[in-house]
Amino acid sequence: MIRYIFDVDGTLTPSRCPIDPEFKEWFIDFIKDNKVWLVTGSDYDKTLEQLGPEICESVVTCYNCQGNDVWHKGKRVNSKQFKAPEGLQPLLEGWLQASRFPLRTGNHIEKRRGMWNFSIVGRNATWAERSEYVQWDVSNRERESIALEINSLFDNVTATVGGETGIDIGRTGGDKSQILEDFNSDDKIYFFGDRQEPGGNDYPLVKVNTKGKNFHVKDWHDTFDKLKNIVAAAR
Ligand code: M1P
């Protein structure tokens, strides 16, 4: 049986937004007929807000914070810590001062279980402020260059770009690939994610999912279309 693993932001929903109601209804039925897991850089509260309890509690496991915070049927079953190296916080604060993007909205370094999320615009940004940053980052590739620099400066820390405004930072190996510890080596995994390119936060899992298939989607519409094709082909 195929094991389906889905990223959330940019894959099942627009980043930080609720799932589309029609897709939600369809996806709830899909979960009834298939084995489904979720893996996201986000924390459980945000995933719950975006997907609702029907989805979060009916998947096999909901892996939050890149797999460092593990939820099963609405209950936390495991969580890991990230002991950041001393120099990391001052470095992030320096980038916060130095970025040429003009807006700062607060909550720039969100310390989650097993990882940090770093955002120049800040996690308190309104939708308009977020979209200003998204446009800026597309032209300036700021997140990509910050992530590259973090990766070159620290031995046991990995930074990846995920979602639209932030960078996920954690211990090397404490990324989405760690969830495969819970699978058998011969499991056939179909993994859907929007950041499967090198440097994206889905890439570590793509790299090790060599026996299954990786679906690099453009957005949730693309995920929905691909799933409908898979279901139609299986009939
Ligand atoms: O899963 C990656 C990130 O996706 C969203 O990022 P942003 O708000 O920058 O679009 C958020 O859910 C974030 O928490 C998460 O780390």
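Heads up: the structure comes first, above all this text.
Residues numbered from 1 in each chain as written. Predicted model: local features only at pLDDT ≥ 70, side-chain atom pairs only at ≥ 80, totals over all residues. Heavy atoms only, no water.

## Here we look at the site of the ligand
Move 1: In the region of the ligand, 17 residues are neighbours, and Ser 15, Arg 112, Arg 123, Arg 130 and Thr 165 sit closest.
Move 2: Between the ligand and Glu 164 there is a distance of 2.7 Å, counted from an oxygen atom to a backbone nitrogen or oxygen.
Move 3: Interatomic distance of 3.1 Å between a backbone N/O atom of Gly 166 and an oxygen atom of the ligand.
Move 4: Burial of the ligand by the protein chains amounts to 99% of its free accessible area of 380 Å². (Near = heavy atom within 4 Å. Polar contact = N/O pair within 3.5 Å; in protein donor to acceptor, adjacent residues only side chain to side chain. Areas by Shrake-Rupley, 256 points an atom, 1.4 Å probe, with all protein chains shown as cover.)

## Some words on helix α4 (residues 88–98)
Move 1: Along α4, the residues that are buried comprise Leu 88, Leu 92, Trp 95 and Leu 96. Taken down its axis, α4 places every buried residue within 105° of arc, on the same side. More than 90 degrees from the buried face of α4, the exposed residues found are Gln 97 and Ala 98.
Move 2: For α4, the secondary structure elements touched by its buried residues are β6 (109–112), β7 (115–119), α6 (142–153) and β9 (166–171). (Buried < 20%, exposed > 50% of the residue type's maximum accessible area, 1.4 Å probe, protein only. Helix = DSSP H or I, 4+ residues; strand = E, 2+ residues; numbered from the N terminus. Arc of directions from axis to C-beta. Contact = heavy atoms within 4.5 Å.)

## Side note on the pattern of salt bridges
Move 1: Tallying each qualifying case throughout the model produces 15 salt bridges.
Move 2: Between Arg 130 and Glu 164 there is a salt bridge, and its shortest N-O distance comes to 3.4 Å. Of this pair, Arg 130 sits in helix α5 (residues 127–140) while Glu 164 sits in the loop between β8 (157–162) and β9; the two residues are 34 residues apart in sequence, bridging distant segments of the chain.
Move 3: Judged by relative accessible area, Glu 164 falls into the partly exposed class, the value being 33%.
Move 4: Residue Lys 226 is joined to Asp 222 by a salt bridge in which the shortest nitrogen-to-oxygen separation is 2.8 Å. Here Lys 226 and its partner Asp 222 are both found in helix α8 (residues 220–234), four residues apart, which amounts to about one turn of the helix. (Salt bridge = Lys/Arg side-chain N within 4 Å of Asp/Glu carboxyl O.)

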